[in-house]
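Chains, contacts and geometry: an overview
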Amino acid sequence: TLAQRLLRTLCPHCKKAVDVVPDSEVAIQWQELVQPWRAPAPAQIYMAQGCEHCRHTGYQGRVGLYEIMPLSNELKKLVAADTNLDVLKQQAYREGLQPLRLSGAKRISEGVTTIEEVMRVVPLKSCLAFPTYVLANDFCWCACYHTVWYSDWFIDEGTCCDDTSISDRDVF
(Lines give C-alpha, C1' and ligand atoms only; values in the text may rest on other atoms or scores of the structure.)
Protein backbone atom coordinates (compact mmCIF):
# COMPACT_ATOMS: atom_id res chain seq x y z
CA THR A 1 0.00 0.00 0.00
CA LEU A 2 1.08 3.59 -0.55
CA ALA A 3 0.27 6.85 1.23
CA GLN A 4 1.51 10.12 -0.19
CA ARG A 5 1.23 13.83 0.52
CA LEU A 6 2.63 16.93 -1.17
CA LEU A 7 4.61 19.43 0.91
CA ARG A 8 5.49 22.97 -0.03
CA THR A 9 9.27 23.42 -0.27
CA LEU A 10 11.09 26.38 1.19
CA CYS A 11 12.17 29.16 -1.14
CA PRO A 12 15.95 28.82 -1.57
CA HIS A 13 16.31 32.61 -1.85
CA CYS A 14 14.85 33.59 1.51
CA LYS A 15 14.72 30.59 3.86
CA LYS A 16 16.16 31.43 7.26
CA ALA A 17 18.27 29.05 9.37
CA VAL A 18 17.29 28.69 13.02
CA ASP A 19 19.35 26.82 15.63
CA VAL A 20 17.43 24.17 17.53
CA VAL A 21 18.03 24.76 21.23
CA PRO A 22 16.94 22.07 23.73
CA ASP A 23 13.60 22.87 25.43
CA SER A 24 12.81 25.58 22.87
CA GLU A 25 9.44 25.73 21.10
CA VAL A 26 11.05 24.28 17.96
CA ALA A 27 12.54 21.36 19.93
CA ILE A 28 9.15 20.65 21.52
CA GLN A 29 7.44 20.73 18.10
CA TRP A 30 10.07 18.31 16.79
CA GLN A 31 9.43 15.87 19.64
CA GLU A 32 5.66 16.05 19.01
CA LEU A 33 6.27 15.35 15.33
CA VAL A 34 8.51 12.30 15.76
CA GLN A 35 6.99 10.65 18.84
CA PRO A 36 6.76 7.77 19.65
CA TRP A 37 9.98 7.30 17.65
CA ARG A 38 13.32 8.59 18.89
CA ALA A 39 14.66 10.84 16.15
CA PRO A 40 17.14 13.42 17.43
CA ALA A 41 16.41 17.01 16.50
CA PRO A 42 18.73 18.49 13.88
CA ALA A 43 21.18 21.20 14.95
CA GLN A 44 19.34 23.70 12.78
CA ILE A 45 16.16 23.90 10.74
CA TYR A 46 14.85 26.47 8.30
CA MET A 47 11.89 28.82 8.53
CA ALA A 48 9.86 30.43 5.74
CA GLN A 49 10.46 34.17 5.30
CA GLY A 50 9.08 35.48 2.00
CA CYS A 51 10.62 37.43 -0.88
CA GLU A 52 9.91 38.52 -4.45
CA HIS A 53 10.94 35.09 -5.80
CA CYS A 54 8.23 33.24 -3.83
CA ARG A 55 5.58 35.99 -3.84
CA HIS A 56 6.24 36.57 -0.13
CA THR A 57 4.98 33.11 0.88
CA GLY A 58 8.35 31.63 1.88
CA TYR A 59 7.65 28.56 -0.26
CA GLN A 60 8.48 27.70 -3.85
CA GLY A 61 7.59 24.33 -5.34
CA ARG A 62 6.49 21.03 -3.82
CA VAL A 63 7.98 17.70 -2.85
CA GLY A 64 6.30 14.39 -2.06
CA LEU A 65 6.20 12.49 1.21
CA TYR A 66 5.72 8.76 0.83
CA GLU A 67 4.83 5.86 3.09
CA ILE A 68 5.16 2.51 1.35
CA MET A 69 4.13 -0.78 2.94
CA PRO A 70 4.97 -3.82 0.83
CA LEU A 71 2.72 -6.70 1.80
CA SER A 72 4.93 -9.49 3.08
CA ASN A 73 3.55 -12.97 3.74
CA GLU A 74 3.29 -12.13 7.45
CA LEU A 75 1.33 -8.93 6.79
CA LYS A 76 -0.96 -10.76 4.37
CA LYS A 77 -1.73 -13.28 7.10
CA LEU A 78 -2.55 -10.49 9.54
CA VAL A 79 -4.82 -8.73 7.05
CA ALA A 80 -6.56 -11.97 6.17
CA ALA A 81 -7.05 -12.83 9.85
CA ASP A 82 -8.94 -9.57 10.59
CA THR A 83 -6.18 -8.56 13.01
CA ASN A 84 -6.34 -5.54 15.27
CA LEU A 85 -4.97 -2.41 13.57
CA ASP A 86 -2.31 -1.91 16.27
CA VAL A 87 -0.91 -5.41 15.70
CA LEU A 88 -0.82 -4.78 11.94
CA LYS A 89 0.96 -1.43 12.42
CA GLN A 90 3.56 -2.93 14.75
CA GLN A 91 4.37 -5.69 12.27
CA ALA A 92 4.65 -3.15 9.44
CA TYR A 93 7.05 -1.05 11.54
CA ARG A 94 9.14 -4.15 12.32
CA GLU A 95 9.37 -4.77 8.58
CA GLY A 96 10.69 -1.26 7.93
CA LEU A 97 7.62 0.90 7.26
CA GLN A 98 8.59 4.55 7.62
CA PRO A 99 5.51 6.63 8.53
CA LEU A 100 4.70 9.89 6.76
CA ARG A 101 5.65 11.87 9.87
CA LEU A 102 9.19 10.45 9.89
CA SER A 103 9.48 11.05 6.17
CA GLY A 104 8.48 14.65 6.85
CA ALA A 105 11.02 14.90 9.68
CA LYS A 106 13.72 13.80 7.25
CA ARG A 107 12.71 16.60 4.84
CA ILE A 108 12.88 19.11 7.69
CA SER A 109 16.38 17.90 8.64
CA GLU A 110 17.45 18.27 4.99
CA GLY A 111 16.29 21.91 5.01
CA VAL A 112 13.62 21.25 2.37
CA THR A 113 10.55 22.31 4.38
CA THR A 114 9.36 23.46 7.81
CA ILE A 115 7.89 21.75 10.85
CA GLU A 116 4.70 23.78 10.37
CA GLU A 117 4.32 22.53 6.80
CA VAL A 118 4.74 18.87 7.80
CA MET A 119 2.26 19.30 10.65
CA ARG A 120 -0.20 20.94 8.25
CA VAL A 121 0.00 18.09 5.74
CA VAL A 122 0.33 15.11 8.11
CA PRO A 123 -2.08 15.62 11.04
CA LEU A 124 -0.75 14.61 14.43
CA LYS A 125 -4.16 14.20 16.07
CA SER A 126 -6.11 10.99 15.84
CA CYS A 127 -9.40 10.71 14.04
CA LEU A 128 -11.23 11.32 17.32
CA ALA A 129 -10.84 15.03 16.66
CA PHE A 130 -12.13 14.82 13.10
CA PRO A 131 -15.48 13.79 11.63
CA THR A 132 -15.96 10.87 9.28
CA TYR A 133 -18.75 10.96 6.72
CA VAL A 134 -20.43 8.26 4.68
CA LEU A 135 -20.33 9.29 1.01
CA ALA A 136 -22.13 6.24 -0.33
CA ASN A 137 -22.75 2.66 0.75
CA ASP A 138 -19.15 1.63 0.09
CA PHE A 139 -17.12 4.80 0.68
CA CYS A 140 -16.35 7.04 3.67
CA TRP A 141 -14.54 10.38 3.93
CA CYS A 142 -11.99 10.62 6.74
CA ALA A 143 -11.30 14.28 7.56
CA CYS A 144 -8.21 13.29 9.57
CA TYR A 145 -6.38 11.99 6.52
CA HIS A 146 -8.37 13.98 3.93
CA THR A 147 -8.99 10.69 2.18
CA VAL A 148 -11.85 8.65 0.81
CA TRP A 149 -11.76 5.12 2.22
CA TYR A 150 -13.39 2.08 0.71
CA SER A 151 -15.56 0.49 3.39
CA ASP A 152 -13.70 -2.85 3.20
CA TRP A 153 -10.58 -1.03 4.48
CA PHE A 154 -12.17 -0.45 7.88
CA ILE A 155 -10.95 -2.76 10.58
CA ASP A 156 -14.42 -3.35 12.04
CA GLU A 157 -17.91 -2.20 11.30
CA GLY A 158 -18.16 1.31 12.72
CA THR A 159 -14.46 2.17 12.91
CA CYS A 160 -12.31 4.53 10.90
CA CYS A 161 -8.63 4.45 9.94
CA ASP A 162 -7.48 4.95 13.56
CA ASP A 163 -10.08 2.70 15.25
CA THR A 164 -12.30 5.72 15.79
CA SER A 165 -15.97 5.04 16.22
CA ILE A 166 -17.99 6.39 13.31
CA SER A 167 -21.39 5.33 14.56
CA ASP A 168 -22.52 8.97 14.79
CA ARG A 169 -21.29 9.85 11.32
CA ASP A 170 -23.12 12.19 8.97
CA VAL A 171 -24.41 10.82 5.69
CA PHE A 172 -24.03 12.77 2.47
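Preceding block: the structure.
These numbers were taken from a predicted model, which means no experiment stands behind them.

Let us look at the overall build of the protein chain. Of regular secondary structure, the protein chain possesses five helices and eight strands. Ordering the α and β elements of the protein chain from the N terminus gives β-β-α-β-β-α-α-α-α-β-β-β-β. A total of 172 residues make up the protein chain; the buried ones form 37% of that total. Expressed as a percentage of contacts within the protein chain between residues at least 6 apart in sequence, the contacts between residues at least 24 apart total 65%.

Right, let's talk about the packing of helix 1 (residues 25-34) against helix 4 (residues 100-109) for a bit. Where helix 1 meets helix 4, the axes come as close as 9 Å, and the angle between the chain directions of the two elements is 145°. From helix 1, Trp30, Glu32, Leu33 and Val34 reach across to helix 4, where they touch Arg101, Leu102, Ala105, Ile108 and Ser109. Looking at the contact of helix 1 with helix 4 residue by residue, the class counts come to six nonpolar, one polar and two charged.

All right, on to a nonpolar patch on the surface then. On the surface, a cluster of nonpolar side chains totalling about 330 Å² of accessible area is made up of Leu2, Tyr66 and Ile68. Summarising the element assignment, Leu2 is placed in strand 1 (residues 2-10).

Packing of helix 2 (residues 73-80) against helix 3 (residues 85-94) brings their axes to within 10 Å, and their N-to-C directions diverge by 175°. Judged by the angle between their axes, helix 2 and helix 3 are roughly antiparallel. Where helix 2 abuts helix 3, its residues Glu74, Leu75, Leu78 and Val79 lie against Val87, Leu88, Gln91 and Ala92. When grouped by side-chain class, the residues that make up the contact of helix 2 with helix 3 number six nonpolar, one polar and one charged.

Moving on, we come to helix 1. Among the residues making up helix 1, those that are buried are Val26, Ala27, Gln29, Trp30, Leu33 and Val34. The buried residues of helix 1 all sit within an arc of 160° when viewed along its axis, so they share a single face. Summarising the contacts, the buried residues of helix 1 are in contact with strand 3 (44-47), helix 4 and helix 5 (115-121).

Let us now look at the pattern of salt bridges. Scanning the entire structure with this criterion turns up three salt bridges. We note a salt bridge from Glu117 to Arg8, for which the minimum N-O separation is 2.9 Å. With Glu117 in helix 5 and Arg8 in strand 1, this pair connects stretches of sequence that are 109 residues apart. Assessed through its relative accessible area of 27%, Arg8 is described here as partly exposed. Where Arg120 meets Glu117, a salt bridge forms, and the shortest distance between an N and an O atom there is 2.7 Å. Note that Arg120 and Glu117 are positioned in helix 5 at a spacing of three residues, about one turn of the helix. By relative accessible area, which is 47% here, Arg120 ends up partly exposed. By relative accessible area, Glu117 is classed as buried at 1%. Each member of the salt-bridge network shares a partner with another, and the members are Arg8, Glu117 and Arg120.

Another point: the nonpolar core. In this structure, Leu7, Trp30, Ile45, Ile108 and Ile115 are the most contacted members of the largest nonpolar core, which totals 20 residues. At the level of secondary structure, the elements contributing two or more residues to this core comprise strand 1, helix 1, strand 4 (59-68), helix 4 and helix 5. Excluding residues within four positions of it along the chain, Ile115 makes contact with Val26, Gln29, Trp30, Ile45 and Ile108. Ranked by size, the runner-up nonpolar core spans six residues in total, among them Leu75, Leu78, Leu88 and Leu97.

Owing to its 3.6 residues per turn, the α-helix brings residues three or four apart onto one side. The buried count for helix 4 comes to seven of 10 residues, which makes it a mostly enclosed element. Within helix 4, burial applies to Leu100, Arg101, Leu102, Ser103, Gly104, Ala105 and Ile108. Elements in contact with the buried residues of helix 4: strand 1, helix 1, strand 3, strand 4 and helix 5. Just past helix 4, the residue Gly111 takes up positive phi, approximately 80°.

Cut-offs and rules
- Residues numbered from 1 in each chain as written.
- Predicted model: local features only at pLDDT ≥ 70, side-chain atom pairs only at ≥ 80, totals over all residues.
- Heavy atoms only, no water.
- Helix = DSSP H or I, 4+ residues; strand = E, 2+ residues; numbered from the N terminus.
- Buried < 20%, exposed > 50% of the residue type's maximum accessible area, 1.4 Å probe, protein only.
- Contact = heavy atoms within 4.5 Å.
- Axes fitted to C-alpha atoms, helices over the stretch in contact; angles between N-to-C directions.
- Nonpolar A, V, L, I, M, F, W, Y, C, P; charged D, E, K, R; others polar.
- Patch = residues over 30% accessible without salt bridge, like charges linked within 9 Å, V, L, I, M, F, W, Y side chains within 5 Å.
- Areas by Shrake-Rupley, 256 points an atom, 1.4 Å probe, with all protein chains shown as cover.
- Salt bridge = Lys/Arg side-chain N within 4 Å of Asp/Glu carboxyl O.
- Parallel < 35°, antiparallel > 145°, perpendicular 65-115°, else oblique.
- Arc of directions from axis to C-beta.
- Core = buried A, V, L, I, M, F, W, Y, C linked by side-chain atoms within 4.5 Å.

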